[in-house]
Each structure stands twice: as structure tokens, then as C-alpha cells.
Amino acid sequence: MIVLPLVIGSALAVPHPNSATTGAVAQETDPTSTLPSTVDGEERVKDGVWHGTLDIGLSKTEGNADIETFAVSGRITRDYDVHRYTGEALWYYATTEDVRTQRRALGAAKYDQFIFDKTYVYANAFAETNEQAFVDLRWAIGAGVGQQWRDDEQWRINTELGLAWFDEDFDNGDQVDYLAVRAAWSIFTQITPQLAFGHDAEIYPSLDDKDDIYGRATTYLETSISESMVAKLSWIIAYDNTPTVDEFGQRLERVDNLYLLTVGWVF
């Protein structure tokens, strides 16, 4: 049941053609200058320079309701020869009547090395916290193999499969860790010269207990404002099939959704 919501919805976005945006498993084009990809006769070679985006979203209401929200996300990528480096982060904070109502943060890093024209091996890690889900720290580290199915100006599609060590520590003292399979996918398409669609997702089903499943994904629409600025509407989803209980002993929700409208700077 997790696959459907992760495919439809989704921690962090797929990059604009000339940028890198939020999204835990977003992929850039083939970085292999020694093994260049050719699309419609055009050879694409990476420059080895760091590229990225910084996205910011703010909101505030006053009067009958006093609510403030802050969101910051960013992504950087570097492609050089057969190497690809990716880093991303998300921070979200909200208050109501000066009382904190939500705080969550996520950071992720990934390294890819292409062993064939479209096939690569990877190592990845992520860590996150979510106060309202009682997640003190959730992290995973793993490795596997990926395939870049399509990589051109219109589409970028890739899938990954590997193993990961997964660990969750909750504010109420609950703790769980296990060896998991990691399956991930990334889809990007340039709908028009100004409008792009992206979707990233990854899922961690436990090899110890079939009920222990965690997944996160990001789906977004991005439009260019100028050469160096973009606006983005994102849907970020986190799924925990076995959530912990709150201070009253009530089971928390399996799904956390976050909807963001942000403005980003491309570099």
C-alpha cells in the first residue's frame, strides 16, 4: 500500500535542468565524461562544478489567528568523470500563538560511481527528526546499484536497489533498528521550457519484520521566474507503517504530509 501514495505523492525535489533542488533520491544526467551519453546526436559532458538551489518559504497571519511558518530547503550536486555527489537538506518550523506546533529537519548525502554507461553503484545516508511524529532521530546508511534508464532534455528516469541499516529513536523511549532493502526511483520531465515536474521516492522495507516499512517521497512542479530564480510547489510525504504512540498512549498517524510553496535561487 505504500507504493501507491509514494508514487502519487512525495523529502525532496528533482532538479531543474540547470539546477539541483530538494529531494532524497533525485538524479542528474550521466556524469561520465569518459562514458558520455548521446541524445539525438548531442554529447553531454559534465563540468565538475558544484550546482544547486536554495529554496525559502515563509508565511505569517495576524489577528484572530497568529501563525508563522518557515521552510528552507537546498540541494547541491557535482558531476565529474564517473563520479556524482549529491547533498540535500530540509528544515521546517511552525508556531501558533507563539507556541511551536511543528519542527522537522532532514539531511541526506549520496555518492554514485558509474561502472557502465548507464549503470552505477551508490552509497547513501540520511538522517531526520520530526517533533510531532515523536522522532528524535531516524537515520539510515546503505549501498546498492542504480540504473539511468533515460537521460535527456525531456526526461530523466532512474531506479536504485540496495541494502541499508535503518535505525529509529523516538522521544518516548521506543527504539527500533533493522537491516532493510532500499528501493528508490526518480522521475523528471520538462513539460514546457518554463515548467518542470519531478518525483523522487525511496522505501525501506525491513528484512526482519514485514510490518516495519518506512518511505519518503517528494513530488513537485517548478516554474522559472528568471534565469536564476524558480518558484516551486512541493508535496513531501513521509510514511511509517509502525508509528510510535504519543504521551497518552495513542498510536500516531502513519503518514505525514507537508505542502510547500517556495521561491528558489539557482547557482
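Here, every reference points to the structure presented above.
(A) Up close: the nonpolar core. Grouped together as the largest cluster of nonpolar side chains are 18 residues, with contacts concentrated most on Phe 126, Phe 166, Tyr 204, Tyr 214 and Leu 260. When residues of this core are traced back to their parent elements, those giving at least two are β5 (83–96), β6 (99–114), β9 (155–170), β10 (175–190), β13 (229–240) and β14 (255–266). For this core, the element with the most residues is β5, which contributes three residues. Sequence-distant contacts of Tyr 204, that is, excluding residues within four places in its chain, are made with Asn 124, Phe 126, Ala 140, Ala 164, Phe 166, Tyr 178, Ala 180, Val 181, Arg 182, Asp 212, Ile 213 and Tyr 214. Core analysis: the second largest hydrophobic core is formed by six residues, Trp 185, Ala 201, Ile 203 and Ala 217 among them.

(B) Spatial organisation of the packing of aromatic side chains. Overall, the coordinates contain 12 aromatic pairs when judged by the stated rule. An angle of 35° between the planes, with centres 5.4 Å apart, marks the rings of Phe 166 and Tyr 214 as tilted. In this pair, Phe 166 is assigned in strand β9 and Tyr 214 in strand β12 (residues 213–226), connecting sequence segments 48 residues apart. The pair formed by Phe 166 and Tyr 214 is uniform in burial state, with each residue classed as buried. The rings of Phe 126, Phe 166, Tyr 178, Tyr 204 and Tyr 214 are connected pair by pair, giving a single aromatic cluster. The ring centre of Phe 188 lies 4.3 Å from the NZ or CZ of Arg 156, which sits over that ring.

Rules of the game
Residues numbered from 1 in each chain as written. Predicted model: local features only at pLDDT ≥ 70, side-chain atom pairs only at ≥ 80, totals over all residues. Heavy atoms only, no water. Core = buried A, V, L, I, M, F, W, Y, C linked by side-chain atoms within 4.5 Å. Buried < 20%, exposed > 50% of the residue type's maximum accessible area, 1.4 Å probe, protein only. Helix = DSSP H or I, 4+ residues; strand = E, 2+ residues; numbered from the N terminus. Contact = heavy atoms within 4.5 Å. Phe/Tyr/Trp six-rings, centres within 6.5 Å; stacked < 30°, edge-to-face > 60°. Lys NZ or Arg CZ within 6 Å of the ring centre and 35° of its normal.

Interpretation note: all reported values are geometric properties and have no functional meaning in isolation.
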